[in-house]
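Structure assessment
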2 protein chains.
Amino acid sequence: MNNKPKTRMTKQRKAILRVLKNTTIHPTADWIYEQVKKEIPNISLGTIYRNLNVLAKNKDIMVLDYGSTYSRYDGNPENHYHFHCKKCEQVFDLELPCFHDLNEKVNEDTNFKAENHRLEFYGFCPDCR
Amino acid sequence: MNNKPKTRMTKQRKAILRVLKNTTIHPTADWIYEQVKKEIPNISLGTIYRNLNVLAKNKDIMVLDYGSTYSRYDGNPENHYHFHCKKCEQVFDLELPCFHDLNEKVNEDTNFKAENHRLEFYGFCPDCR
DNA sequence: ATTTAACTAGTAATTATTGCTAATAGAAAC
DNA sequence: GTTTCTATTAGCAATAATTACTAGTTAAAT
Ligand SMILES: [Mn+2]
Ligand SMILES: [Mn+2]
Ligand SMILES: [Zn+2]
Ligand SMILES: [Zn+2]
């Protein structure tokens, strides 16, 4: 009946999660790979991807897609908004509170049932403007 | 001085643009390829991608990224909001007006200079709810 | 300590997208 | 209409992020 595989906390998974929780740069899988390699030199890139997918499914982290070239990952699983600088390409967290009423507005005005949303701003960061 | 290459309106580009303007499904490059092939059987997939990129750069269309697996394209270049169904995976246009004041709120509350934003809702469409 | 299946390292495979090149064809100038 | 110029194309090769596979390993429950 309950066939969900039980997730184990391996040292690889723990290290990946710690690296991601301790940065604000919204890194790529490859950046995480380079960081974790300092600690576990023979870790496999496949292990990075597999764990990022498991952690995202468990809602321990978030996946952010920017373009079809690669994904970025976010150690903060709570919905929050991002700013993407068009010049330096960095992704920043915004301090805005989450507008929960946006979902409600959709649910009132349309026949869709919105459960969550993603809001991304594009422009120039303080250093690039 | 002015070294922008002049864009030509080839029959391939015209057909791609027409196909994209005449659908609301926010198709993938491959779907567009299949449609245009009915009209221009020996068109190359590379031509599809090259033209979609040119058209997007010219702001004739929009590129929507959902996950790192593939991009979807939108024949409406004006900012508008989308709804992504978690079950059938279809992407719908929402009739909500664009909240231009969201950019202004960021510009007032933070040091970032927001020029535009993207807002995507996730949940279940009328048929799947 | 034993057991079991989730997990890993290493590598191969997949696939969306881009790069390359000789030939073609818009469209501007004549 | 003809010439000229160069953006564009078809066909195919290359790239690169991500996933799949497999034999061996290990977390963790009993
Ligand atoms: Mn974030
Ligand atoms: Mn749309
Ligand atoms: Zn910047
Ligand atoms: Zn649906």
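Shown above is the structure to which this text applies.
Residues numbered from 1 in each chain as written. Chains lettered and ligands numbered in written order. Predicted model: local features only at pLDDT ≥ 70, side-chain atom pairs only at ≥ 80, totals over all residues. Heavy atoms only, no water.

**Some points on the pairing of strand S5 (residues 113–124) of chain A**
- By the bridge criterion, four bridges tie strand S3 (residues 82–85) of chain A to S5 of chain A in an arrangement that is parallel. Of the residues in S5 of chain A, the one forming a bridge with Cys85 of chain A is Gly123 of chain A. (Pairing = 2+ DSSP bridges. Helix = DSSP H or I, 4+ residues; strand = E, 2+ residues; numbered from the N terminus.)

**With respect to the protein's contact with DNA strand C**
- Around DNA strand C there are 22 residues in total, and Thr47 and Arg50 of chain A together with Arg8, Tyr49 and Thr69 of chain B lie nearest to it.
- Restricting attention to atoms of DNA strand C within 4 Å of the protein, one finds that 74% of them are sugar or phosphate atoms.
- Between a sugar or linking oxygen of DNA strand C and a side-chain N or O atom of Gln12 of chain A, the distance comes to 3.0 Å.
- The backbone of Asn42 of chain A places a nitrogen or oxygen atom 3.1 Å from a phosphate oxygen of DNA strand C.
- Secondary-structure elements contributing two or more residues to the surface near DNA strand C are helix H1 (11–21) and helix H3 (45–57) of chain A together with helix H3 (45–57) and strand S2 (70–74) of chain B.
- Its residues placed into classes, the surface near DNA strand C shows six nonpolar, 11 polar and five charged. (Near = heavy atom within 4 Å. Polar contact = N/O pair within 3.5 Å; in protein donor to acceptor, adjacent residues only side chain to side chain. Nonpolar A, V, L, I, M, F, W, Y, C, P; charged D, E, K, R; others polar.)

**Some remarks on the protein's contact with DNA strand D**
- Tyr49 and Thr69 of chain A together with Arg13, Thr47 and Arg50 of chain B are the nearest of the 22 residues found near DNA strand D.
- Protein-proximal atoms of DNA strand D, defined as those within 4 Å of the protein, fall in sugar or phosphate at a share of 75%.
- Here Thr47 of chain B contributes a side-chain N or O atom positioned 2.4 Å from a phosphate oxygen of DNA strand D.
- Taking Arg50 of chain B, its side chain carries an N or O atom lying 2.3 Å from a phosphate oxygen of DNA strand D.
- Broken down by secondary-structure element, the contributors of at least two residues to the surface near DNA strand D are H3 and strand S2 (70–74) of chain A together with helix H1 (11–21) and H3 of chain B.
- Here the residues of the surface near DNA strand D are counted per class, giving six nonpolar, 11 polar and five charged.

**What about the pattern of salt bridges?**
- Applying the stated criterion to the full structure yields 10 salt bridges over all chains.
- Residue Asp109 of chain A is joined to Lys105 of chain A by a salt bridge in which the shortest nitrogen-to-oxygen separation is 3.0 Å. One end of the pair, Asp109 of chain A, and the other, Lys105 of chain A, are both in helix H4 (residues 101–109), four residues apart, so they sit about a helical turn from each other.
- Assessed through its relative accessible area of 45%, Asp109 of chain A is described here as partly exposed.
- Relative accessible area serves as the criterion here: at 31%, Lys105 of chain A is assigned to the partly exposed category.
- One salt bridge connects Glu115 of chain A with Lys86 of chain B, and the closest N-O pair in it is separated by 2.9 Å. With one member in each of two chains, Glu115 of chain A in strand S5 and Lys86 of chain B in the loop between strand S3 (82–85) and strand S4 (91–93) form a pair that bridges those chains.
- What makes Glu115 of chain A partly exposed here is its relative accessible area of 42%.
- The class for Lys86 of chain B is partly exposed, based on a relative accessible area of 38%. (Salt bridge = Lys/Arg side-chain N within 4 Å of Asp/Glu carboxyl O. Buried < 20%, exposed > 50% of the residue type's maximum accessible area, 1.4 Å probe, protein only.)

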